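# Chain and residue survey
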Amino acid sequence: MRILKIQTLRGPNYWSIRRHKLIVMRLDLENLAEKPSNEIPGFYEGLVEALPSLEGHYCSPGCRGGFLMRVREGTMMGHIVEHVALELQELAGMHVGFGRTRETATPGIYQVVIEYLNEEAGRYAGRAAVRLCQSIVDRGRYPKAELEQDIQDLKDFWRDASLGPSTEAIVKEAEKRGIPWMSLGARFLIQLGYGVNQKRMQATMTDNTGILGVELACDKEATKRILAAAGVPVPKGTVINFLDDLEEAIEYVGGYPIVIKPLDGNHGRGITIDIRTWEEAEAAYEAARQVSRSVIVERYYVGRDHRVLVVDGKVVAVAERVPAHVVGNGRSSIAELIEETNQDPNRGEGHDNVLTKIELDRTSYQLLERQGYTLNSVLPKGTICYLRATANLSTGGCAVDRTDEIHPETVWLAQRVVKIIGLDIAGLDIVTTDISRPLREVDGVIVEVNAAPGFRMHVAPSQGIPRNVAGAVMDMLFPNEQSSRIPILTITGTNGKTTTTRLLAHIYKQTGKVVGYTTTDGTYIGDYLVEAGDNTGPQSAHLILQDPTVEVAVLESARGGILRSGLGFEAANVGVVLNVAADHLGIGDIDTIDQLANLKSVVAEAVFPDGYAVLNADDHRVAAMAEKTKANIAYFTMNPDSELVRKHIQKGGVAAVYENNYLSIVKGDWTHRIERAEAIPLTMGGRAPFMIANALAASLAAFVQNVTIEQIRAGLKTFRASVSQTPGRMNLFNLGNYHALVDYAHNPASYEAVGAFVRNWTSGQRIGVVGGPGDRRDEDFVTLGRLAADIFDYIIVKEDDDTRGRPRGSASELITKGITQVKPNCRFESILDETQAINKALDMAPENSLVVVLPESVSRAIKLIRARGVVKEETQQS
Ligand code: ATP
Ligand code: ATP
Ligand code: MG
Ligand code: MG
């Protein structure tokens with residue numbers, strides 16, 4: 001077995017509209033191609049021994065053990081690899097269920113599709129599955145140690161990719177509310193929503209969190225000063241920079257017990273509390289100095305530690321934090337109890353799990369001593385031994401929800417404090433003996449205010465009710481269901497995608513909105529090019545969706561991108577499918593036009609149910625996509641008598657129709673005429689029918705998004721693509737006596753399209769310079785010849801400089817064959833060199849004729865034509 005290719009899909013795709021995270025592995029079974037599993041001695045037994053849990057896979061029999069039954073009876077190795085890859089992820093704690101295996105047109109080569117939660121883990125699982133199966137084929141077994149290593153590696157991928165508990169809670173809540181999110185790949189930034197409606201977060205800071213508030217909160221001394229001045233109870237204390245000042249400071253706060261902590265610290269680092277002697281104070285001073293230059297000396301307040309979370313001015317959760325401790329059982333030593341406590345799967349390292357493992361530090365031993373214990377002491381049953389003085393979760397503490405117990409006056413105080421500091425999300429540390437009574441009554445204090453407070457003690461307290469604090473954050477960022485999205489319009493088809501995308505973007509600009517769009521020529525925002533190049537994949541889509549200025553996204557979606565990586569967003573508001581025609585067949589395991597239609601149909605299917613699929617009613621494969629999508633349907637047609645469209649309109653549907661030389665929107669009883677084709681430059685004076693079709697599609701896509709007829713009209717009338725903007729797309733040159741047209745039509749459907757324009761050229765002779773890329777199939781060249789014979793009065797057959805592996809002369813021979821099939825007495829000649837062929841055509845062009853060049857190099861063709869003295873470049877202008 002050999003893996004030929006592994007692709008990672010990240011969005012609606014060829015295999016599934018709903019499952020966005022898929023690995024596609026192209027697998028050559030080699031010598032196993034003809035050997036189902038039942039013909040491999042010992043395979044079934046070896047597989048069951050290595051992965052007994054495969055029993056849980058139902059597979060097609062639909063019952064427990066169904067898949068293993070298939071293995072015993074005989075199934076192909078690709079299918080087994082699929083199930084093994086899924087099971088390996090499952091064993092590593094990643095719940096995945098979706099898989100598909102299909103043989104390609106090449107016998108023995110399979111496509112194995114598996115779901116993933118983590119990309120790296122998914123790819124790894126695919127490779128490991130092949131390794132495992134191969135080992136069982138070769139040796140009858142897969143070593144246990146290797147399997148364990150695989151599972152450990154998979155677990156590591158999963159853990160390393162985890163977002164941290166606070167961010168996790170936030171994105172989960174976002175997903176629940178249908179708010180899209182993505183990781184920006186720097187500084188742990190998360191984007192919620194798209195374009196102009198996006199919000200950003202970094203842990204629990206938002207883009208509304210004020211820098212002044214954050215800096216103030218981080219400066220504990222300044223915070224206390226501001227709060228004290230506002231009458232808020234805070235610990236009495238002072239800041240020192242030298243050990244010499246320590247004694248005086250202790251006196252100032254009223255003597256022992258005291259607390260010493262670094263001026264700017266966090267997570268309890270360098271803090272010592274309940275200091276009762278000078279020796280302890282000196283050691284504590286040194287510990288605090290390790291963290292910060294200046295050191296705070298404070299009175300020690302007796303009480304329990306509470307965290308009050310305030311979001312958007314309201315207290316949303318209160319937790320009591322209990323310092324790391326163990327509870328005796330009358331048998332185990334303290335050391336053993338710690339060990340046992342740390343076995344809890346909920347305890348991880350640092351902040352990566354709900355709780356953190358208990359680790360001992362300097363203060364732990366002091367505490368033990370004070371309680372009269374050593375690590376070897378056996379605690380009586382039920383006795384609590386504290387191991388840390390402070391209650392930070394990250395030092396092994398746990399949390400008890402107290403949201404329902406806090407006194408209303410303290411709620412008022414906490415909300416006021418956060419307003420004074422100036423934070424949208426803040427965590428207050430309150431020390432009090434009783435949170436249900438006002439602070440003043442029990443000598444409680446607000447110890448500090450935290451910016452970016454952790455959420456895990458609230459969403460997963462060790463005791464009490466979990467609180468949906470992320471919900472409060474979402475309510476703040478996206479109030480009253482305010483949309484987090486921007487309209488996304490996607491365009492696909494075999495021909496006309498770029499033209500239609502540009503036109504639709506131009507129409508949308510008439511609404512005054514900032515439009516971001518991507519095409520095979522580049523990515524644009526508003527009137528400017530952001531990045532040149534073939535930008536039709538998900539990365540370019542993300543560039544647009546991440547841009548904070550973009551109000552509308554119009555995205556060209558080409559087959560290559562959908563196939564390689566999926567759409568890159570969950571669903572669009574409008575999905576336009578222009579046409580499906582033979583092109584690029586045989587590439588990427590898309591061998592038939594129906595497979596190609598299935599691929600393009602992703603764009604029609606990945607539309608929100610309240611959105612629209614804009615479909616070409618004149619192309620039966622496109623029209624049929626209506627059956628597959630849950631979205632509303634809107635049809636466009638060049639045929640005013642289309643039966644399909646008539647019925648659709650009768651049922652209350654909307655359509656764009658070319659009728660009586662008008663582009664019109666038809667809805668219910670009414671026909672809204674947008675404009676005469678002649679007045680739309682793109683249609684070349686109404687002579688290029690396929691451009692009318694593209695314009696209908698763009699108009700309809702805009703209309704279903706509530707762009708007005710007036711705005712659509714204004715867009716259609718002012719859309720002019722110059723030769724420099726759209727080289728190779730119907731570039732018409734007026735050369736005085738005659739015209740020349742350059743187009744890079746490169747498949748039969750686009751030849752047809754250009755042909756429709758050429759046939760409308762009635763003033764004189766039509767001369768064609770034709771050829772095509774060498775990697776197309778033989779029959780494509782014959783078709784080209786046949787079409788050319790039908791369109792032109794005189795044909796010059798040429799070849800590309802780069803024949804893409806085809807012997808020179810072969811393409812022209814095939815084209816010639818096609819020509820003579822249709823018109824045995826057609827006038828034509830072969831000039832293989834493109835430059836010579838073009839020059840010959842231009843030399844011979846009679847009065848009022850049209851020379852049509854379908855070149856390999858658009859720029860060279862344009863140069864040759866311009867050398868003849870162009871009177872006017874009439875590209876897409878009437
Ligand atoms: P974090 O940001 O993780 O809350 P931190 O390092 O910023 O911790 P503080 O919040 O100032 O430190 O202190 C940590 C804990 O120590 C407090 O939550 C409280 O339990 C205790 N503590 C701090 N100062 C005092 C004090 N003056 N009296 C009593 N306990 C205190
Ligand atoms: P690509 O796949 O290269 O990105 P595209 O789909 O973006 O192509 P355009 O760049 O808009 O297509 O147009 C390329 C050529 O396709 C045009 O010059 C014309 O020859 C032809 N074409 C455009 N629209 C249509 C159509 N609706 N039907 C058939 N052919 C068309
Ligand atoms: Mg604190
Ligand atoms: Mg394109």
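Residues numbered from 1 in each chain as written. Chains lettered and ligands numbered in written order. Predicted model: local features only at pLDDT ≥ 70, side-chain atom pairs only at ≥ 80, totals over all residues. Heavy atoms only, no water.

### Comments concerning the site of ligand 1
Spelled out, the test is: By convention in these notes, a residue is near a molecule or strand provided one of its non-hydrogen atoms lies within 4 Å of it. Polar contact criterion, stated in full: a pair of N or O atoms within 3.5 Å, where within protein one must be able to donate a hydrogen and the other to accept it, and residues adjacent in sequence count only if both atoms are side-chain atoms. Exposure was quantified through the Shrake-Rupley algorithm and a 1.4 Å probe, taking into account, for residues, occlusion by the shown protein chains and nothing else. In DSSP terms, a helix is any run of H or I states spanning at least four residues, a strand is any run of E spanning at least two, and both are numbered starting from the N terminus. Amino acid classes used here: Ala, Val, Leu, Ile, Met, Phe, Trp, Tyr, Cys and Pro are nonpolar; Asp, Glu, Lys and Arg are charged; the rest, including Gly, are polar.
Taken together, 24 residues surround ligand 1, and among them Gly 268, Glu 298, Asp 305, Asn 392 and Glu 448 come closest. For ligand 1, a nitrogen atom lies 2.7 Å from a polar atom in the side chain of Glu 298. For ligand 1, an oxygen atom lies 2.5 Å from a polar atom in the side chain of Asn 392. Against a free-state accessible area of 610 Å², the protein chains account for coverage of 96% of ligand 1. Broken down by element, the residue count for the shell around ligand 1 peaks at 3 residues, all from strand 21 (residues 445-451). Here the residues of the shell around ligand 1 are counted per class, giving 8 nonpolar, 7 polar and 9 charged.

### Points about the coordination of the magnesium ion (ligand 4)
Cut-off, in case you're wondering: For Na, K and Ca the donor cut-off is 3.2 Å; for every other metal, N, O and S atoms count as donors within 2.8 Å. Water does not enter the count, which can leave sites looking incomplete. Working definition: with a 1.4 Å probe on protein chains only, accessible area under 20% of the residue-type maximum means buried, over 50% means exposed, and in between means partly exposed.
Within the protein, the atoms that donate to the magnesium ion (ligand 4) are Thr 498 (OG1), Thr 520 (OG1) and Glu 556 (OE), at distances of 1.9 to 2.3 Å. Along the chain, the residues donating to the magnesium ion (ligand 4) fall in the pattern T-x21-T-x35-E. Remark: Glu 556 occurs in strand 26 (residues 552-556) and Thr 498 occurs in helix 17 (residues 497-509); sequence separation between them is 58 residues. A relative accessible area of 6% means that Thr 498 is categorised as buried. Classification of Glu 556 as buried rests on a relative accessible area of 2%.

### Some words on the coordination of the magnesium ion (ligand 3)
Each pair of donors in an ideal four-coordinate tetrahedral metal site encloses 109.5 degrees, whereas pairs in an ideal six-coordinate octahedral site enclose 90 or 180 degrees. The magnesium ion (ligand 3) binds to the protein through Asp 429 (OD) and Glu 448 (OE), with metal-donor distances spanning 1.9 Å. Taken together, the positions of Asp 429 in strand 20 (residues 425-432) and Glu 448 in strand 21 put the pair 19 residues apart, joining distant regions of the chain. There is no split in this pair, since Asp 429 and Glu 448 are both buried.

### With respect to the site of ligand 2
Residues in close proximity to ligand 2 total 21 residues, the closest being Lys 497, Thr 498, Thr 499, Arg 729 and Asp 743. In the model, an oxygen atom of ligand 2 is placed 2.5 Å from a nitrogen or oxygen of the Thr 499 side chain. Protein coverage of the free-state accessible area of ligand 2, which is 630 Å², stands at 91%. If you list the elements that add at least two residues to the shell around ligand 2, you get helix 17, helix 23 (689-703) and helix 25 (748-759). The biggest single contributor to the shell around ligand 2 is helix 25, with 4 residues. Looking at the shell around ligand 2 residue by residue, the classes come out as 6 nonpolar, 11 polar and 4 charged.

### Quick word on the environment of Ala 472
The criterion, for reference: Contacts were defined at the residue level, with two residues in contact if any of their heavy atoms lie within 4.5 Å.
Tracing the backbone through its elements, the reader meets Ala 472 in helix 16 (residues 469-477). Looking at Ala 472, the relative accessible area reads 17%, which means it is buried. In this structure the C-alpha to C-alpha distance between Ala 472 and Ile 170, which are 302 residues apart in sequence, comes to 9.8 Å. Ignoring any residue separated from it by four or fewer positions in sequence, one finds Ala 472 in contact with Val 311 and Val 316.

### Details of the pattern of salt bridges
Put simply, the test is: Salt bridges, as used here, are contacts in which a Lys or Arg side-chain nitrogen is within 4 Å of a carboxyl oxygen on Asp or Glu.
In the structure shown here, the tally under the stated rule is 56 salt bridges. For Lys 840, the salt bridge goes to Glu 829, with nearest N and O atoms at 2.6 Å. With Lys 840 in helix 28 (residues 834-844) and Glu 829 in strand 37 (residues 827-830), this residue pair connects regions lying 11 residues apart in the sequence. A single salt-bridge network, built from bridges that share partners, covers Lys 798, Asp 800, Asp 801, Glu 834 and Arg 860.

### Brief notes about the pairing of strand 36 (residues 794-797)
A regular strand places its side chains on the two faces of the sheet in alternate fashion. To be explicit about the condition: Pairs of strands are assigned from DSSP output, requiring at least two bridges between the strands. Viewed with both strands pointing away, a crossover whose connecting path from the first strand over the helix to the second turns clockwise is right-handed.
The alternating pattern of strand 36 places Tyr 794 and Ile 796 on one face and Ile 795 and Val 797 on the opposite face, and all of these are buried. The pairing of strand 36 with strand 37 spans 4 bridges and is parallel. From the neighbouring strand, Tyr 794 faces strand 37, where its bridge partner is Arg 827. A crossover links strand 36 with its parallel partner strand 37, the connecting element being helix 27 (residues 810-822), and its sense is right-handed.

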